[in-house]
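# Structure at a glance
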Amino acid sequence: MEGGQEGGQEGWMDGRRAGRRAGRMDGRQEGRKAGRKRALRRCGREAAGMASVVLSEAEKLYIVHGVQEDLRVDGRGCEDYRCAEVETDVVSNTSGSARVKLGETDILVGIKAEMGTPKLEKPDEGYLEFFVDCSSNSPELEGRGGEELGTDIANTLYRVFSCENSVDLKSLCINPKEHCWVLYVDVLLLECGGNIFDAISIAVKAALFNTRIPKVRVLEDEEGTKEIELSDDPYDCIRLSVDEVPCIVTLSKIGYRHVVDATLQEEACSLASLLISVTSKGAITSMRKVGKGSLDPESIFEMMETGQRVGKSLHIALQKILDEEENLGTSRPKVGFLG
Amino acid sequence: MPLDHRRLRGPEESQPPTLWAAAAAEDEEDEEGAGAAARDPCALRPLFARAGLLSQAQGSAYVELGSGTKVLCAAWGPREAAEPGPGRLICEFRRAPFAGRGARGRPGAAAEREAEREAAAALREALEPAVRLGRYPRARLAVSALLLQDGGSALAAAVSAAALALADAGVEMYDLAVGCALCRPPAPAASWMLQPAEPEERRAAARLTLALLPALNQVSAVLGGGRGGPPEDWAQALRLGLDGCHRQYPVLRQSLLRAAQRRRSTPPS
């Protein structure tokens, strides 16, 4: 855990401009508290399939006005991420795992590599299967609500990874048409604090980086029966290259501007968001609009530019953390899950 | 479509013969592909739209594209719902089992249902900005789209048909949602093409579906994926798609007008 915490505190995406605007923030916060005591109207519970938060009209107005001036409630700018902690290899029974805490959002991803038969249309490639579980979250996400959100996230992940060269699927093939590696990616949403798509994509990339697939050899007998032999050395494994794996950047439209990494409150104020998946080289591999509102074409163009910029810096920071953790190797101290 | 248990469903795993006749079929397809490469990428296929054809539904519409995509859509609304709160739009998207060119998908299969649910969610995202849900508190509006034949750009045609059906049912809307699909062939420096046919869509390296509210110039849905490119590529594709939507808008409006005239001239039976 220490490795992850070091990475987090080294300040990647640390967007606290507290020093500069401290004076103004305090004044606003006091006024806000007074306003909340005076008139708290329940207005528009935004239950858009995610955990809902109750905001009064005054609070929404406060957030919207702040965003117009590039100042968000916690002091970040419109393009800053919250402080994030990434740790890999947290679950020992999996082939690869990762845990990401982005502000209050907590995601755990476990990848298990199992042998299966390749798909009919692509006989010389392995494939990935995504499964997302949201039920441990809040009472309204139990049962149907959680299942819908889970399938929504899984479909988004399928679309993001549908680009052929995001993961090298040919390296997952053992015997064309007969055996291949299937990577079952299981995502657990431990806590939803806004911006779950970004956090999930970061966790999936970190888990894929951490995945170790054992090397197998195929022995063929005289009769033609094939036997699969696992190598004896537990450290002899295939690692996946995650250079082309995209990360999702969610841009939420609030008022006339868009923000990156919205908290639950900011999501309640935004009517439409654009999900863009960006690779480390700045190529956009998928786009999707979510939300009940509509977007102006000009905003979409601006959001794509912002998404590309933010995505590239996200990839650089994430790769740095992953490489550092890798170099620590076995000397990394193991702290408990809540450490 | 409800599952008919009396009918023999055949073996669990069935594969179409075209999969095994791949070698011969690919030569033919290459020739087709070469011929189609001369197609103008900005050309819109002929569109046929008719509203008000089902007698049992409050609103209905049928959209057919020149490439062979046929979508039938029916709309009902508003009905009283038990949950309090603003009105809800419930969308359903179904494919006929014979709709696709490849193997017949078994109607109850999990993969089919997943794809249908995803398409229904996309349909809902495209239509919600267009419908004035605030005018129907505590109500449910239902839209059901049926894809009879998939000739490419199925989701885009379904969006247009669903918007027409809702308007035909008399639901208050800000504007009609017009759908348009684009794709980019796998050749390295290829440009985006409007309204691909089914073989082009299958071989495409990247696909994009848009829904636009033309009178307000607001994009109500964007759904795209595939081999990446810089944002300028996708921006160019978006502009092409928006232009395509604007060009289709008059056809849809005309069909609504004709349906209203037809309804007025024939007395209710």
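Numbers given to residues run from 1 along each chain, matching the order in which its sequence is written. Working convention: letters from A go to chains and numbers from 1 go to ligands, in the order in which they are written. With pLDDT at 70 or above as the cut-off, local features in this predicted model cover only qualifying residues; side-chain atom pairs require 80 or more to be listed or tallied, and sums for whole chains, interfaces and linings still use all residues. Hydrogen atoms and water are omitted, and side-chain values are computed over all heavy atoms in the structure.

## A few points about the overall build of chain A
Here is the rule we go by: Helix and strand assignments come from DSSP, with helices taken as H or I runs of at least 4 residues and strands as E runs of at least 2, each series counted from the N terminus. Note on contacts: a residue pair qualifies if any of its non-hydrogen atoms lie within 4.5 Å across the two residues. Residue burial considers only the protein chains on display, and all accessible areas are found by Shrake-Rupley using a 1.4 Å probe.
Along its length, chain A carries seven helices and 14 strands. Sequence separation of at least 24 residues holds for 70% of the intrachain contacts in chain A that already meet a minimum separation of 6. When the accessible area of chain A is evaluated, it comes to approximately 16,100 Å², of which 50% is carbon and sulfur surface.

## Section: the UniProt feature "domain: Exoribonuclease phosphorolytic" (unreviewed entry) in chain A
We count it as follows: UniProt positions are given in the numbering used here, feature names are shortened, and annotations may be inferred rather than shown by experiment.
What UniProt calls "domain: Exoribonuclease phosphorolytic" (unreviewed entry) maps, in this numbering, to residues 81-214 and 245-309 of chain A. The span residues 245-309 of chain A is 29% helical and 42% strand by assignment, and the distance between its end C-alpha atoms comes to 16 Å.

## Topic: the interface of chain A and chain B
Test applied: The term buried area means the drop in 1.4 Å probe accessible area that two parts suffer when joined, counted for both and summed. Should a side-chain nitrogen of Lys or Arg be within 4 Å of a carboxyl oxygen of Asp or Glu, the pair is scored as a salt bridge.
If you look at the interface, chain A gives 29 residues, while chain B gives 30 residues. Counting the surface lost from both chain A and chain B, the interface buries some 2,600 Å², and carbon and sulfur atoms represent 57% of this. Counting the surface chain A buries against chain B, the share from its top three residues, Met287, Lys289 and Phe301 of chain A, is 21%. Across the chain A-chain B interface, the total number found is two salt bridges. Close ionic contact of Arg159 of chain A with Glu118 of chain B constitutes a salt bridge, the shortest N to O distance being 3.1 Å.

## Concerning the environment of Gly108 of chain B
Tracing the backbone shows Gly108 of chain B in the loop between β4 (88-95) and α2 (110-127). Gly108 of chain B sits 79 residues away from Ala187 of chain B along the chain, and the two C-alpha atoms are 37 Å apart.

## Brief notes about the pairing of strand β14 (residues 284-291) of chain A
Short version of the rule: A simple rule labels every residue: compare its accessible area, found with a 1.4 Å probe on the protein chains alone, to the largest value its type can have, and call it buried under 20%, exposed over 50%, or partly exposed in between. The pairing criterion for strands is at least two bridges between them, as found by DSSP.
Burial analysis of β14 of chain A places seven of its eight residues in the buried class, which makes it a mostly covered element. Relative to β14 of chain A, strand β13 (residues 272-278) of chain A runs antiparallel, the two sharing seven bridges. Bridged to Leu274 of chain A within β14 of chain A is Lys289 of chain A. Linkage of β13 of chain A to β14 of chain A, two consecutive antiparallel strands, is achieved through a turn of five residues, within which Gly282 of chain A is found at a positive phi near 90 degrees. As paired elements, β14 of chain A and strand β9 (residues 218-229) of chain B share four bridges and run antiparallel to each other. Considered in β9 of chain B, the bridge of Ser286 of chain A is made with Gly225 of chain B.

## Considerations on the confidence of the model for chain B
Residue and element names in this part refer to chain B. Selection rule: Per-residue confidence from the prediction method is given by pLDDT, with values spanning 0 to 100.
In the predicted model, chain B carries a mean pLDDT of 85, and 87% of its residues have values of at least 70. Here helix α1 (residues 22-36) stands out as the least confident element of chain B, with mean pLDDT 50; helix α3 (residues 154-168) is the most confident, with 95. If you check the scores for this complex, the pTM reads 0.83 and the ipTM reads 0.84.

## Observations regarding the packing of aromatic side chains
Just so we agree on the cut-off: Here the aromatic set is Phe, Tyr and Trp, taking the six-membered ring for Trp, and pairing holds for ring centres within 6.5 Å; pairs whose planes are under 30 degrees apart are stacked, those over 60 apart are edge-to-face, and all others are tilted. Both a distance and an angle decide whether a charge sits over a ring: NZ of Lys or CZ of Arg must be within 6 Å of the ring centre and within 35 degrees of the ring normal.
All chains considered together, the criterion is met by four aromatic pairs over all chains. Their ring planes at 55 degrees and their centres at 5.4 Å tell us that Trp192 of chain B and Trp234 of chain B sit as a pair that is tilted. You can see Trp192 of chain B sitting in the loop between β6 (178-184) and β7 (193-194) and its partner Trp234 of chain B sitting in helix α5 (residues 231-265), a full 42 residues away along the chain. A relative accessible area of 2% places Trp192 of chain B in the buried class. The structure contains a cluster of three or more aromatic residues connected by ring pairs, namely Phe130, Tyr158 and Phe161 of chain A. Geometry around Tyr127 of chain A places Lys119 of chain A over its ring, the cationic atom sitting 4.6 Å from the centre.

## Quick word on the environment of Ala57 of chain B
Residue and element names in this part refer to chain B. Following the sequence through the fold, Ala57 ends up in the loop between β1 (47-51) and β2 (59-65). For Ala57, a relative accessible area of 10% puts it in the buried group. Along the backbone, Ala57 and Cys73 are 16 residues apart, and their C-alpha atoms lie at a distance of 9.6 Å.

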